[in-house]
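# What the coordinates show
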Amino acid sequence: MVVCPPSAQVWEVVKWITNHHKPLAIYREIAKREKKDGPTELVKYAETRFASKIMMITRYYEVHVLLEKLLVDNAYTTWVAKQKTTEAKAKALEIKKIIHDGKLLETIDLCIDLLSPCMQVLRLTDGKKGATLSNVYAKMLALDLYYREPIDGLNERVRKKIHAIFMARWTYFHTPVMTAAYRLAPEYCRREMCESEDKEIKKVFKKMATDEHPYPSILADYAAYEVALDTKTHDLDKDTAFSPSAQKMPPYQWARMYLRSWPHLKYVACRLLALSCSASGCEHSWSIEAWIHSKTRNRLGQKTVDRLVRCHTNLLLQQRMDSEEAAAVLEWEEEMEIEDPEVEGEEGEEGEEQ
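Residues numbered from 1 in each chain as written. Predicted model: local features only at pLDDT ≥ 70, side-chain atom pairs only at ≥ 80, totals over all residues. Heavy atoms only, no water.

### Re the overall build of the chain
Applicable threshold: Helical segments are the DSSP runs of H or I of at least four residues, strand segments are the runs of E of at least two, and each set is numbered from the N terminus. Buried, partly exposed and exposed residues are distinguished by accessible area as a fraction of the type maximum, computed with a 1.4 Å probe on protein chains only: under 20%, between the cut-offs, and over 50%, respectively. Contacts between residues were defined by any pair of non-hydrogen atoms, one from each residue, lying within 4.5 Å. What sets the accessible areas is the Shrake-Rupley method with a 1.4 Å probe; for residues, cover comes only from the shown protein chains.
Within the chain one finds 17 helices and zero strands. For the chain, the residues scored as buried account for 36% of the 354 residues in total. Of the contacts made within the chain by residues no fewer than 6 positions apart, 65% connect residues no fewer than 24 positions apart. Carbon together with sulfur atoms contributes 54% to the accessible area of the chain, which is approximately 22,300 Å² in total.

### Points about the side chain of Thr 40
Its location among the elements puts Thr 40 in the loop between helix H2 (21-34) and helix H3 (52-62). Those residues in contact with Thr 40 that lie beyond four places of it in its chain are Tyr 27, Ala 31, Arg 59, Val 63 and Leu 66.

### What about helix H11 (residues 195-208)?
For the record, the criterion: Expected helix span is taken as 1.5 Å per residue step, with the number of steps being one fewer than the number of residues. By definition, the arc is the one covered by directions from the helix axis to the C-beta atoms.
Compared with an ideal rise of 1.5 Å per residue, which puts 14 residues at 20 Å, H11 spans 20 Å between its outermost C-alpha atoms and is within 8% of the ideal. Glu 197, Ile 201, Val 204, Phe 205 and Met 208 are the residues of H11 that are buried. Down the axis of H11, the sector holding all buried residues measures 100 degrees, keeping them to one side. Those residues of H11 that are exposed and aimed more than 90 degrees away from the buried face are Glu 195, Lys 199, Lys 203, Lys 206 and Lys 207.

### Observations regarding unusual backbone geometry
The phi torsion of most residues other than glycine is negative, and most of the peptide bonds are trans. One non-glycine residue, Lys 35, lies in the positive phi region at around 55 degrees. When its relative accessible area of 70% is taken as the criterion, Lys 35 is described as exposed.

### Comments concerning the nonpolar core
Applied cut-off: In plain words, nonpolar cores are sets of buried Ala, Val, Leu, Ile, Met, Phe, Trp, Tyr and Cys residues tied together by side-chain atoms within 4.5 Å.
One finds Leu 184, Phe 205, Tyr 225, Leu 236, Trp 254, Val 268 and Leu 272 to be the most contacted residues of the largest nonpolar core, which totals 51 residues. At the level of elements, helix H7 (102-126), helix H8 (133-148), helix H9 (156-173), helix H10 (176-184), H11, helix H12 (215-231), helix H14 (251-258) and helix H15 (263-273) are the ones that each hand at least two residues to this core. Contact partners of Val 268, with chain neighbours within four places excluded, come to Leu 184, Phe 205, Met 208 and Ile 218. Counting residues in each nonpolar core, the second largest holds 30 residues, with Val 10, Leu 70, Leu 104 and Ile 108 among its members.

### As for the pattern of salt bridges
Here is the rule we go by: Whenever a carboxyl oxygen of Asp or Glu lies within 4 Å of a side-chain nitrogen of Lys or Arg, that contact is scored as a salt bridge.
Throughout the structure, instances matching the rule amount to twelve salt bridges. With a shortest N-O distance of 2.5 Å, Arg 28 and Glu 41 are connected by a salt bridge. Of this pair, Arg 28 sits in helix H2 while Glu 41 is found in the loop between H2 and H3, placing the two residues 13 residues apart along the sequence. Residue Arg 28 is classed as partly exposed on the basis of its relative accessible area, which comes to 42%. Note that Lys 202 and Asp 198 form a salt bridge whose closest N and O atoms lie 3.5 Å from each other. On the criterion of helical spacing, the pair formed by Lys 202 and Asp 198 is a turn pair, its members being four residues apart in helix H11. Look at Lys 202 and you get partly exposed, because its relative accessible area is 35%. Taken together, the shared-partner salt bridges in this structure form one network comprising Glu 12, Lys 15, Lys 91 and Glu 94.

### Re the confidence of the model for the chain
Here is the rule we go by: What pLDDT reports is the predictor's confidence in each residue, on a scale of 0 through 100.
Taken as a whole, the chain shows an average pLDDT of 85; of its residues, 88% reach a score of 70 or greater. Ranking the elements of the chain by mean pLDDT puts helix H16 (residues 280-292) last with 81 and helix H4 (residues 64-71) first with 95. Low pLDDT, under 50, characterises residues 334-338; the predicted model gives this stretch five contacts beyond four residues in sequence or across chains. Below pLDDT 50 for its whole length, residues 346-354 participates in 14 contacts with residues either more than four positions away or in separate chains.

### A look at the environment of Tyr 27
On the secondary structure map, Tyr 27 appears in helix H2. We classify Tyr 27 as buried; its relative accessible area is 1%. For the pair formed by Tyr 27 and Leu 42, sequence separation is 15 residues and the distance between their alpha carbons is 9.8 Å. If we skip the residues at most four places from it in the chain, Tyr 27 touches Ile 17, Thr 40, Leu 42, Val 63, Leu 66, Leu 67 and Leu 70.

### Quick word on the environment of Ala 88
As for its placement among the helices and strands, Ala 88 is situated in helix H6 (residues 86-100). Overall, Ala 88 belongs to the buried group, its relative accessible area being 15%. Sequence-distant contacts of Ala 88, defined by excluding residues within four places in its chain, comprise Trp 16 and Gln 83.

### Quick word on the packing of helix H1 (residues 7-18) against H6
Cut-off, in case you're wondering: Only the stretch in contact is used when fitting a helix axis, every axis being a line fitted to C-alpha atoms; angles between N-to-C directions are given from 0 to 180 degrees. The cut-offs work like this: below 35 degrees is roughly parallel, past 145 is roughly antiparallel, 65 to 115 is roughly perpendicular, and the gaps in between are oblique. The handedness criterion is simple: a crossing whose near helix is rotated anticlockwise from the far helix by less than a right angle is left-handed, and one whose near helix is rotated clockwise is right-handed. Only Asp, Glu, Lys and Arg are considered charged, only Ala, Val, Leu, Ile, Met, Phe, Trp, Tyr, Cys and Pro nonpolar, and every remaining residue, Gly among them, polar.
Contact geometry for H1 and H6: axes closest at 10 Å, N-to-C directions at 130 degrees. Here H1 lies oblique to H6, going by the angle between them. Of the two elements, H1 crosses H6, and the hand of that crossing is left-handed. Along its contact with H1, which presents Gln 9, Glu 12, Val 13 and Trp 16, the element H6 presents Ala 88, Lys 91, Ala 92, Ile 95, Ile 98 and Ile 99. By residue class, the composition of the contact of H1 with H6 is seven nonpolar, one polar and two charged.

Structure follows, in structure tokens:
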């Protein structure tokens, strides 16, 4: 079977039910009566909504039994019979054929199997928790292995094309810092690494080295750390560092606790494992910018807005560092400071609010 996107047909069913008050009320009554586990409300497709087509066909597949019961419900069949226009009756017949189409359901099932792993990565990187570089790297490795092998029901030519598209994307987005974070994360540090990954890790160590934490010292700590992993010394065993309670700690806090014997490696690990790979931080900044650049302050220039957002964020960060939660905050270092970008024509910016 060659995968063809079934979203167009599913969208017709969703529109038919949600755009008519009576069928929607009957469907909801059936869902309530059947007491089906999980959400039953149909998901609408929207161009501005993230991966909404995948969510729409997934929900359709989950509630398909309810849709079949809708077609044979007396209230629904009576409503269809009362339709005055031939177009409405023809549409109802078309919807019936779509819902009864077994091949379409098989295609949807295959699409869900193909796209669910991608959806997990998308949800991870669009959320507020768990979107560390190491977790994203692990998910992408799993996707590579999944698409690399034959998939039941999927044409091999199509599978190879999907895998090629995925690898092109992964190659474009992949950076050595992801590999280094993956290697130092407590969930994945005991896995074997290939030679190319080892080279990427050393490249990151070299770039992050400072006068206080020179590159040779970081490498020496890393070698000693690997020996401790193999010999299960320095509390790097399943009862201490890799116990269920320790695994629940944020990765950078885990590094602070269990990499104390290797201070140079701990310096690198704390910074790599604290990095987020989520879009939620950007969206949070945009919300702050919208709050600052409001209707009552719409004459602010972009440079002033950027600086006010930075001041607001840094004040909150300073407040947290002064509180009891200071241990959970990594201090911003001088060598990590980012200079304001130079923008042409900023001097004498019109409309700037003083």
